[in-house]
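The chain contents come next:
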Amino acid sequence: MIAECLYIEEDTVLKITKEEVEHVAHLARLNLREDEKEKFTSQLNDILLYMEILNKVDTTGVEPMTHAITLHNAFREDVTKESIGRDLALGNAPDEMGDCFRVPKIIE
Amino acid sequence: MELNQLTIHELQKKLKNSETTSVEITEAVFKRIEAVDDKIHSFVTLMKDEAFEEAREADKEIQRGNGGPLTGIPIALKDIMCTKGTRTTCGSHILENFIPPYDSTVVKRLRDAGAVFIGKTNMDEFAMGSSTETSYFGVTKNPWDLEKIPGGSSGGSAAAVAADQCIASLGSDTGGSIRQPAALCGIVGMKPTYGRVSRFGLVAFASSLDQIGPFTKDVEDCAIMLNAIAGYDPNDSTSVHADIPDYTEYVSKSIEGWTVGIPKEYFIEGIDPEVLSAVEAAIKEVEHMGAQCKEISLPHSEYCVAIYYVIAPSEASSNLARYDGVRYGFRSDAGRDLMDMYKMSRSAGFGDEVKRRIMIGTHALSSGYYDAYYKKASQVRTLLRKDFDEAFRTCDAILTPSTPTPAFNIGEKMDDPLQMYLCDVFTISCNLAGIPGISVPCGYTEAGLPIGVQFLTGHFEEGKLIQIASAYEKNATLERRRATI
Amino acid sequence: MEYEPVIGLEVHAQLLTKTKIFCGCSTQFGAAPNSHTCPICIGMPGILPVLNKKVVDYTIKMALATHCNINRENTWARKNYFYPDLPKGYQITQFAEPIAEHGYVDVEMNGGKKRIGITRIHMEEDAGKSIHDEHQPASYVDLNRAGVPLIEIVSEPDIRSAEEGVGYLRRLHEILVYLGICDGNMEEGSFRCDANISLRPKGEEKFGIRAELKNMNSFRHVQRALEYEIKRQQYILESGGEVIQETRLWDDSQGVTHPMRGKEEAHDYRYFPDPDLVSIVVSDEWIEEIKKTIPELPLEKRERFVNTYDIPPYDAVVLTTSRELADFYEETVKNCRKPKIASNWVMGDVLGHLKEDKKDIEGSPVSAVSLAKMINLIEDGTISGKIAKEVFEEMWKTGKEPKKIVEERGLIQITDTGSLENAIDNVLKTNPAQVEEYKQGKEKLFGFFVGQVMKITRGKANPKLVNELLKKKLSAS
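**Digging into the overall build of chain B**
Broken down by element type, chain B carries 15 helices and 11 strands. Over its C-alpha trace chain B gives a radius of gyration of 21 Å, about what one expects of a compact globule, namely 23 Å for 485 residues. Taken across its 485 residues, chain B has 70% of its residues classed as buried. Restricting the contact set of chain B to residue pairs at least 6 apart, pairs at least 24 apart contribute 75%. Total accessible area computed for chain B in this model is approximately 14600 Å², and 46% of it derives from carbon and sulfur atoms. Side chains of chain B carry 49 positive and 66 negative charges; the gap between the two charge centres is 4 Å.

Rendered as C-alpha cells:
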C-alpha cells in the first residue's frame with residue numbers, strides 16, 4: 001500500500017500549473033515568492049497526482065458523506081444571551097477606533 | 001517513584017488518603033518541567049500561577065471530602081483548545097498573541113471536575129502535521145530519543161505525558177494526531193467517536209474529522225479522562241445526545257469470546273519489520289486472552305490518505321479564512337491597501353505546511369474541480385464507512401498497527417509532504433468513518449523506541465474500546481519502560 | 001426593434017427574531033458598535049454555530065405563504081470570500097439544498113393579476129457593516145449585524161417592467177410584514193433588493209446579457225433604477241453595442257447606475273456543505289403547526305373586503321395596508337354594521353390623525369369599538385355628522401367614550417320641531433334685510449339662514465329638519 005502510494009508515473013500530465021497555483025494563492029489571499037511558486041507547484045502536483053487513485057473507484061450513485069455522524073435538527077431557542085462587551089470583542093484587534101475594527105479602506 | 005510519574009488513579013488514592021496534596025503533585029510536575037522542558041519543548045505556555053491557585057483550591061475541596069476523580073490532577077492542554085484569559089496559539093505566528101475571551105467546553109468540564117491546568121502544549125501549526133515540527137514555536141522532541149520526532153500533531157501533549165511533565169493531557173485528532181504521537185511516545189491515546197466530545201472551543205482544522213481525546217499513562221486513566229470530557233454539548237450541533245456510561249467500569253473486563261478483526265490491507269509491505277513483529281505479537285496476546293482473531297478486509301483502505309488529503313484541506317481552507325488580520329491575530333503593517341493587508345498578514349502569519357494545505361483545499365473546492373476532488377473524495381468516504389459498518393457486523397473490535405514506523409528523525413520528512421502524509425496511513429480511516437480508536441503501547445524497537453497497537457470499535461463503543469485496550473494492557477506479557485530522558 | 005426587459009429580483013429580508021441566527025446576541029438595530037457581539041458572531045477561533053429554531057419557523061411561514069415546496073431535508077453550506085465585515089471568511093447560507101423552492105406570488109397589475117415565480121427561498125446569516133472614512137484611507141467594521149438572520153427570496157426572471165418589479169416587491173414586503181416575520185424597514189436594511197436585468201428582442205426566447213443592480217434602498221429607487229437601466233441597455237443595443245455583464249450601483253442623487261469602482265473579480269465562492277451544522281428535517285407536523293399561525297394575507301383580505309363589505313377596491317387597498325389596520329376596520333364594522341361609513345371614518349379621520357401624530361394604528365387613542373359607537377350615534381340620529389367630527393376630536397384627545405362626550409357637552413341633536421321653530425323664528429326676526437333679499441330672489445341666502453340656525457343651536461340642530469322648517473317658514477312669511 002505504501003509502495004503504491006509513492007508510485008508516481010513519470011509521464012503523467014501536470015495536475016496543476018504555476019498559473020493555477022498563482023490563482024489559488026490569490027483566492028486564498030496568500031502571497032508567494034517566485035521560488036515558493038515553483039516549490040508549491042511541484043509539491044501540489046505530487047499530491048494531486050496521488051489523489052488520482054480516487055478515480056479507480058466507481059462512485060456512481062454513491063451519496064457523498066459530508067458529516068462523520070448523521071444527525072439532524074440541532075436547534076437553540078430564540079433567547080437572548082449577554083454579549084461579551086466591546087472590551088472583549090475588540091480586545092484582540094490589531095487596530096481599532098471608535099469601538100470599531102479598523103482596516104485599510106474598502107473600495108466598492 | 002516521584003509523584004509526577006504516577007497515574008491519575010494512583011494519585012487519586014493518595015489524595016483521598018491524605019498521603020499527598022495537589023500542591024505537592026503540582027510542584028513535582030513543575031520541577032520536572034523545569035528540569036527537562038528545555039530539551040523536549042513540550043510546552044508553548046505555562047500556567048504556573050493559575051495552576052497553584054487551582055491546586056490550593058483542589059486541596060480545600062478534597063479536605064471537605066468533595067473531590068472527584070480529577071480533583072487536583074495536573075493536566076496539560078494542547079494549545080488548540082481555547083482557554084479564557086490564557087493565550088491560545090495553535091502553534092502559529094498568526095495567533096501568537098490571541099487571548100480567547102471564552103473557555104472551550106472540554107476546558108470548562110475539566111475545570112468543573114477540579115483539574116489543575118499546568119500549561120498549553122506545542123503542536124504542529126493548526127494541527128497540520130505528523131511530527132510537531134511545523135510549530136512556529138519550534139520543534140518538540142521525543143522523550144525516548146531527542147533526535148526523533150514525538151509524532152504529531154499533538155506532539156507536545158504526548159511528550160509531556162511520556163516525560164512525566166504532567167499526569168495526563170488532552171490532544172486533538174483529525175487524522176491520527178492523538179494515536180500516532182501516543183504510539184511514538186509509548187503512552188495511551190484515544191480518539192473518541194465523532195460527536196462524543198464537544199468541539200466547542202477547539203480551534204477547527206477539519207471540522208468533520210476533528211475530535212478531542214486524552215493522552216494518559218494507562219487505559220484506566222484514559223477512561224477517567226473520557227468520563228470527564230464526553231457528553232452532549234448544546235453549543236456543538238454535531239455533538240450527540242446519548243447517555244454516557246461510566247467508562248472505568250470497562251477496565252479489566254475480559255474479552256473472552258470476542259471476535260477481533262485483523263484487516264489484511266493494514267499488513268502489507270512497507271511496514272517497519274519491528275513494528276510488524278510487535279503487532280503480530282499483540283495479535284497472539286489477544287488470542288491468548290480468549291478472543292478470536294480473524295482476517296477481514298476493508299477494501300477501500302488504500303484510498304484513505306487520498307480522501308483525507310482532499311477533505312481535510314478543503315475544510316481547513318475555509319476554517320482558516322478567518323485569520324485575516326481584522327479582528328484578532330497577526331496583521332502585517334506593510335500592506336498599502338486591503339488586499340495587501342490580507343495577503344501580507346496571511347503569508348507572514350502562516351507556515352509552509354498550512355499554506356500548502358490551504359492551497360490544496362482551495363483548489364479542491366474551486367470552480368471546475370469540486371466534483372473531481374471534494375465530491376469524489378466524499379463519495380469514496382461513504383464507501384469507506386460502509387467497509388467498517390460491514391466489519392463491525394461480525395467483529396467486536398479491529399486491531400491494526402498504530403503507525404507504519406517508529407519515531408523518525410527530526411527533519412527527515414520535512415521536505416517531502418507526501419511522505420509525511422503517509423505517516424497517518426493507519427490512523428486516518430478512523431476519522432473518516434467517525435469511529436473511536438485507541439493506541440496502546442505494544443513493545444519497543446531494538447533502539448528502544450516505543451511501538452503502538454491500535455484498536456478500533458464501532459460508533460459510540462468507547463466502552464468496548466476501553467475494555468479491549470485495558471485487557472491487552474493488563475494481560476500482555478510486556479516489559480514496561482519509562483521514557484529515557 | 002422592440003425590446004423586452006427580463007428582470008429577476010433577489011430580496012433579502014431580515015427576520016424579526018430576538019437573537020441572531022447562530023448565537024444568542026441581540027438583533028436590535030442602533031446599538032453602539034460591536035456591543036451586540038460574542039465570540040460566535042465575531043468568528044473567533046474555536047466557535048461553533050447553533051441554529052435559532054425561530055429562523056426556521058419563520059422561513060417555513062414565508063415559504064408556505066408564497067406557495068413554495070418545503071424541502072423536507074435541507075442543508076447548510078459555506079460561501080467563501082474575504083471581506084472585512086465577514087467575520088469567518090465565509091457566510092453560512094443554504095446552497096444546493098435550500099429550505100424552499102418553486103413558489104409564486106400574484107401581483108395586482110392594472111386591474112389584472114400577474115403571477116411571478118419564486119425560484120427559491122433560503123436562510124443565511126447577514127454580514128457586519130463597514131463604514132468608510134471620508135478623510136482617512138480607512139474603513140471601520142461594526143459586527144452588530146453580523147449573524148442577523150436573513151432569508152433570501154429569489155424570483156424567476158418573470159418580471160417585464162419596472163412597475164411589475166415594484167409591484168412584486170410591494171407584495172413580498174406586505175406578506176412579510178403581515179406574517180410578522182420582518183419589520184420591512186428599508187432604511188435600516190431589513191428589506192433589501194438586488195436586481196438582475198437584461199433586454200431581449202420581443203419574441204426572442206433567449207435571455208440577453210444581464211447587469212446586476214445594487215444599492216436601491218426604497219421602492220422608488222427600484223422603480224427609477226430599473227427604468228434607467230432599461231433605457232441604458234436599450235440605447236446600447238439600439239446603437240449596435242453589447243451590454244457588459246457587471247454589477248452596477250444605483251446613484252439616486254444623479255439618477256443613474258454606474259459600474260462598481262473596485263476591481264470586480266470573477267467570484268469563486270467555493271461552496272461546500274458546512275460540517276459544523278446538521279441538516280434540517282421538516283416533518284408534516286411541523287408544517288401543520290406553522291400553517292395554523294398564518295393569517296389571511298393582504299390580497300385575499302382585499303378581495304374579501306370588496307365582496308363582503310361592498311366597499312370600493314380602493315378602500316380595500318388602503319384598509320389592508322397593515323394587518324392591524326385591517327383588524328381595526330373589521331372590528332369597527334362588526335360593532336356598527338355600516339361598512340362604507342366605517343371605511344370613510346377609518347381612512348379619513350383615523351388615518352389622518354395617526355399621520356399627524358406619527359402613530360401606528362396600535363397607538364390609536366380611539367378604539368375600534370368606540371369609533372363604532374360614535375358611528376351608531378350618527379346613525380340613530382343622536383348627533384349630526386358635523387357634531388361627530390367634534391366628538392371624534394374629543395375622543396382622540398381624551399380617549400373618552402363618545403356617548404359621555406355628547407352628554408357632557410350637551411351635543412345631542414335637536415330634533416324637536418318646536419324648539420327648532422323657535423330658533424328659526426329668532427333668526428328670521430334678527431335678519432329682516434336678508435329675509436327681504438331672499439324673497440326677492442337671492443336664494444343663495446338660504447345657506448346663510450341654515451348657518452345662523454346652526455350657530456345659535458351650536459351645531460346640534462338636525463340639518464335635515466332645519467332645511468325643511470326653514471323652507472316652510474320662508475315661503476310662508
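**Considering the nonpolar core**
Generally speaking, a soluble globular protein has its nonpolar side chains buried in company with each other. Residues Leu-110, Ile-118, Phe-126, Phe-388, Phe-455 and Tyr-472 of chain B are the most contacted members of the largest nonpolar core, which totals 198 residues. Top element by residues in this core is helix α9 (residues 304–319) of chain B. It accounts for 10 residues. Not counting the four nearest positions on each side in its chain, Phe-388 of chain B is found in contact with Tyr-266, Leu-298, Ile-398, Ser-429, Ala-433, Ile-435 and Leu-456 of chain B. Judged by nonpolar contacts, the second largest core, of 100 residues, contains Ile-280, Trp-286, Tyr-309 and Ala-388 of chain C.

**Some remarks on the packing of aromatic side chains**
Evaluated as defined, the whole model comprises 33 aromatic pairs over all chains. When the ring of Phe-305 of chain C is compared with that of Tyr-329 of chain C, the centres are 5.5 Å apart and the planes differ by 50 degrees; the resulting orientation is tilted. Placement of the pair is Phe-305 of chain C in helix α6 (residues 298–309) and Tyr-329 of chain C in helix α8 (residues 323–336), with a sequence separation of 24 residues. Phe-305 of chain C sits in the buried class, given a relative accessible area of 0%. An aromatic cluster is built from Phe-98, Phe-126, Tyr-323, Tyr-328 and Phe-350 of chain B, whose rings are joined through pairwise contacts. One residue, Lys-471 of chain C, lies across the ring of Phe-446 of chain C, its end atom 5.4 Å from the ring centre.

**Section: the interface of chain B and chain C**
Each partner contributes to the interface: chain B provides 39 residues, whereas chain C provides 32 residues. Between chain B and chain C the total buried area reaches about 2700 Å² when both faces are included, carbon and sulfur atoms providing 61% of it. It is Ser-237, Arg-322 and Arg-327 of chain B in chain B that bury the most area against chain C; as a group they hold 22% of the surface buried on that side. Here chain B and chain C share 1 salt bridge between them. Here Asp-276 of chain C and Arg-199 of chain B are joined by a salt bridge, their closest N and O atoms 3.1 Å apart. Listed by contribution, the elements that provide at least two residues to the side of chain B that touches chain C are α9, α10 (338–349) and α11 (352–365) of chain B. The residue makeup of the side of chain B that touches chain C, split by class, is 20 nonpolar, 12 polar and 7 charged.

**Here's the deal with the interface of chain B and chain A**
On the chain A side, the residues contacting the 76 residues of chain B number 59 residues. Taken over both partners, the interface formed by chain B and chain A buries close to 5900 Å², and the fraction arising from carbon and sulfur atoms is 69%. Our count for the contact surface shared by chain B and chain A stands at 4 salt bridges. Asp-95 of chain A is paired through a salt bridge with Arg-331 of chain B; the nearest N and O atoms lie 3.9 Å apart. Taken together, chain B and chain A are joined by 19 residue pairs in polar contact (both at pLDDT 80 or more). Residue contributions to the side of chain B that touches chain A peak at 11 residues, all from helix α12 (residues 371–394) of chain B. Residues of the side of chain B that touches chain A, tallied by class, amount to 37 nonpolar, 23 polar and 16 charged.

**Quick notes on the side chain of His-173 of chain C**
Considering the arrangement of structural elements, one finds His-173 of chain C in helix α3 (residues 162–179). Taking the relative accessible area as the measure of exposure, His-173 of chain C reaches 18% and is therefore buried.

**Thoughts on the domain arrangement of chain C**
Much of the literature gives interface size as the accessible area that the parts lose upon coming together. Segmentation of chain C into domains returns domain 1 (3–289), domain 2 (298–409) and domain 3 (417–476). Using only C-alpha atoms to locate each centre, domain 2 of chain C and domain 3 of chain C end up separated by 33 Å.

**A closer look at the environment of Ile-187 of chain B**
All names here are of chain B. Relative to the helices and strands, Ile-187 resides in the loop between α6 (179–185) and β5 (188–191). The spatial distance from the C-alpha of Ile-187 to the C-alpha of Pro-441 is 5.9 Å, given a sequence separation of 254 residues. Not counting residues within four places of it along the chain, the set of residues in contact with Ile-187 comprises Ala-158, Val-161, Ala-162, Ala-182, Phe-215, Thr-216, Ser-439, Val-440 and Pro-441.

**Examining the sheet that holds strand β9 (residues 397–401) of chain B**
All names here are of chain B. Taken in spatial order, the 11 strands line up as β1-β3-β2-β4-β6-β5-β10-β11-β9-β7-β8 in an open sheet, and their pairing is mixed. Among the strands making up the open sheet, the edge pair consists of β1 (43–46) and β8 (292–296). Neighbour to neighbour, the strand axes of the sheet diverge by 30 degrees on average, direction disregarded.

**Overview of the sheet that holds strand β2 (residues 96–97) of chain A**
Within the open sheet, the 4 strands sit side by side as β2(A)-β3(A)-β10(C)-β9(C). Their pairing is antiparallel. Strands at the two margins of the open sheet, each flanked by one partner only, are β2 of chain A together with β9 (129–132) of chain C. The pairing of strand β3 (residues 100–104) of chain A with strand β10 (residues 138–142) of chain C spans 4 bridges and is antiparallel. What sits directly across from Phe-101 of chain A, in β10 of chain C, is Val-141 of chain C.

**Side note on a negative patch on the surface**
On the surface, Glu-324, Asp-327, Asp-360 and Glu-362 of chain C cluster together into a negatively charged patch. Take Asp-327 of chain C: it is sitting in helix α8.

Analysis parameters
- Residues numbered from 1 in each chain as written.
- Chains lettered and ligands numbered in written order.
- Predicted model: local features only at pLDDT ≥ 70, side-chain atom pairs only at ≥ 80, totals over all residues.
- Heavy atoms only, no water.
- Helix = DSSP H or I, 4+ residues; strand = E, 2+ residues; numbered from the N terminus.
- Rg over C-alpha atoms; globule rule 2.2 N^0.38 Å.
- Buried < 20%, exposed > 50% of the residue type's maximum accessible area, 1.4 Å probe, protein only.
- Contact = heavy atoms within 4.5 Å.
- Areas by Shrake-Rupley, 256 points an atom, 1.4 Å probe, with all protein chains shown as cover.
- Lys, Arg positive; Asp, Glu negative; His and termini not counted.
- Charge placed at Lys NZ, Arg CZ, Asp CG, Glu CD.
- Core = buried A, V, L, I, M, F, W, Y, C linked by side-chain atoms within 4.5 Å.
- Phe/Tyr/Trp six-rings, centres within 6.5 Å; stacked < 30°, edge-to-face > 60°.
- Lys NZ or Arg CZ within 6 Å of the ring centre and 35° of its normal.
- Buried area = accessible area lost by both parts, 1.4 Å probe.
- Salt bridge = Lys/Arg side-chain N within 4 Å of Asp/Glu carboxyl O.
- Nonpolar A, V, L, I, M, F, W, Y, C, P; charged D, E, K, R; others polar.
- Polar contact = N/O pair within 3.5 Å; in protein donor to acceptor, adjacent residues only side chain to side chain.
- Domains from an automatic or database assignment.
- Pairing = 2+ DSSP bridges.
- Axes fitted to C-alpha atoms, helices over the stretch in contact; angles between N-to-C directions.
- Patch = residues over 30% accessible without salt bridge, like charges linked within 9 Å, V, L, I, M, F, W, Y side chains within 5 Å.

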